[in-house]
Amino acid sequence: MWESTVEVTRKAVVQAAPEHAWSLVSDSAAWSLRPGHFAFDVPQVTEAGRLRCWFAPFGNGLGCSVQEVREEVPGQVMSLRSRGTQPAGRQAFTLSVQPHDRGAMVWLTVTVTVPREDKADHQAFWRKELKGWLGALAEVA
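So, how was this worked out
- Along each chain, numbering runs from 1 in the same order as the chain's sequence is written.
- Given that this is a predicted model, residues contribute local features only at a pLDDT of at least 70 and side-chain atom pairs are listed and counted only at 80 or more, while totals for whole chains, interfaces and linings are drawn from all residues.
- With hydrogens and water set aside, each side-chain value is computed from the structure's full complement of heavy atoms.
- Counting from the N terminus, the helices are DSSP H or I runs at least four residues long and the strands are E runs at least two residues long.
- Working definition: with a 1.4 Å probe on protein chains only, accessible area under 20% of the residue-type maximum means buried, over 50% means exposed, and in between means partly exposed.
- Every accessible area reported is derived by Shrake-Rupley at a probe size of 1.4 Å, with residue values counting cover from the shown protein chains alone.
- What a helix is expected to span follows from its residue count: subtract one and scale by 1.5 Å.
- Contacts: residue pairs with any heavy atoms within 4.5 Å of one another.
- Only Phe, Tyr and Trp rings take part, Trp by its six-membered ring, and two of them pair if their centres are within 6.5 Å. Stacked means planes under 30 degrees apart, edge-to-face means over 60, and tilted covers everything else.
- In our convention, an over-ring charge means Lys NZ or Arg CZ found within 6 Å of a ring centre and within 35 degrees of that ring's normal.
- Two N or O atoms form a polar contact when they lie within 3.5 Å of each other; inside protein one atom must be a possible hydrogen donor and the other a possible acceptor, and for residues adjacent in sequence the pair counts only when both atoms belong to side chains.
- Buried Ala, Val, Leu, Ile, Met, Phe, Trp, Tyr and Cys residues form a nonpolar core when they are joined through side-chain atoms within 4.5 Å.
- Each pair of strands is called paired provided DSSP finds at least two bridges between the two strands.
- Working convention: axes come from line fits to C-alpha atoms, limited for helices to the stretch in contact. Angles between N-to-C directions cover 0 to 180 degrees.

**Q** Looking at this model, I keep getting lost on the overall build of the protein. Mind explaining?
**A** The helix and strand tally for the protein stands at two helices and seven strands. Secondary structure elements of the protein, listed N to C terminal, follow the sequence β-α-β-β-β-β-β-β-α. Along the first, second and third principal axes, the C-alpha atoms of the protein reach 45 × 35 × 25 Å. Across the 141 residues in the protein, those meeting the buried criterion constitute 40%. Here the protein displays about 8000 Å² of accessible surface, and carbon together with sulfur accounts for 53% of that area.

**Q** Can you walk me through helix H2 (residues 119-140) in this structure?
**A** Residues that lie three or four places apart on an α-helix share one face, since the helix turns once every 3.6 residues. Here H2 spans 31 Å end to end across 22 residues, near enough to the 32 Å set by a 1.5 Å rise per residue. Elements that come into contact with the buried residues of H2 comprise strand E1 (3-14), helix H1 (18-25), strand E3 (51-58), strand E6 (91-100) and strand E7 (103-115).

**Q** What's the story with the packing of aromatic side chains in this structure? I'm lost.
**A** Both the distance between ring centres and the angle between the ring planes are used here to describe each pair of aromatic rings. Within the structure shown, the criterion is met by eight aromatic pairs. Here the aromatic rings of tryptophan 31 and tryptophan 133 are separated by 5.2 Å at their centres, their planes lie at 65°, and the arrangement is edge-to-face. In this pair, tryptophan 31 sits in the loop between H1 and strand E2 (38-42) while tryptophan 133 sits in helix H2, placing the two residues 102 residues apart along the sequence. Taken as a pair, tryptophan 31 and tryptophan 133 share a single burial class, namely buried. Residues phenylalanine 40 and phenylalanine 55 carry aromatic rings whose centres are separated by 6.1 Å and whose planes lie at 20° to one another, so their mutual orientation is stacked. Here phenylalanine 55 lies in strand E3 and phenylalanine 40 lies in strand E2, a separation of 15 residues in the sequence. Judged by its relative accessible area of 31%, phenylalanine 40 is partly exposed. Here arginine 34 stacks its cationic end above the ring of tryptophan 133, 5.0 Å away from the centre of that ring.

**Q** Explain the side chain of glutamate 129 to me, please; I cannot follow it from the model alone.
**A** Inspection of the secondary structure puts glutamate 129 in helix H2. Look at glutamate 129 and you get buried, because its relative accessible area is 17%. Separated by 2.8 Å, the side chains of glutamate 129 and arginine 34 make a polar contact. The contact partners of glutamate 129, leaving out residues within four places of it in the chain, are Arg34 and His37.

**Q** Sorry, what's going on with the nonpolar core here?
**A** One broad rule of soluble globular proteins: the nonpolar side chains tend to lie buried together. Counting residues in each nonpolar core, the largest one holds 31 residues, and the members touching the most others are Trp31, Leu95, Val106, Leu108, Trp126 and Leu137. When residues of this core are traced back to their parent elements, those giving at least two are E1, H1, E3, strand E5 (77-82), E6, E7 and H2.

**Q** What is the right way to look at the sheet that holds E2 in this model?
**A** Hydrogen bonds along the backbone pair up the strands of a sheet, which may run parallel or antiparallel. Pairing within the open sheet is antiparallel, and its seven strands lie in the order E1-E7-E6-E5-E4-E3-E2. Bordering the open sheet on either side are E1 and E2, each of which pairs with just one other strand. In this sheet, neighbouring strand axes are inclined to one another by 20° on average, regardless of whether the strands run parallel or antiparallel. In this sheet, strand E4 (residues 61-73) lies alongside E3 in antiparallel orientation, the contact comprising eight bridges. Residue pairing for E4: leucine 51 is matched across the bridge by glutamate 68. On the sheet, H1 packs against E1, E4, E5, E6 and E7 and is oriented at approximately 165° with respect to E6.

Take a look at the structure:
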């Protein structure tokens, strides 16, 4: 199977202090702002750090992903990567917050490996998904 990597980034200014925006963005509860999604952290399971378990609607059922927190600079950036061994479906997320004159700039990036023939569908899905997620984060902040 031929595979492609899709990377989508969205950013938005939220009217909140950067430290408040960071406490929201970095918390697993923020993943539950996406309709039908639920996430929780499992502290210090691996040498690298904690795991984030994420559940979401998938087809007619429920899908799940286990993300490992790979890098974290408190107050600035967090990178998570799925623990799956198959290239197709592998995901990585980068969540970051930077000071902005009107509050904080929040950046969300997803990188996913997909079958090449599905690349356009995945790009469209993640553009819409990240836009909605950022909107919900901004409302809560």
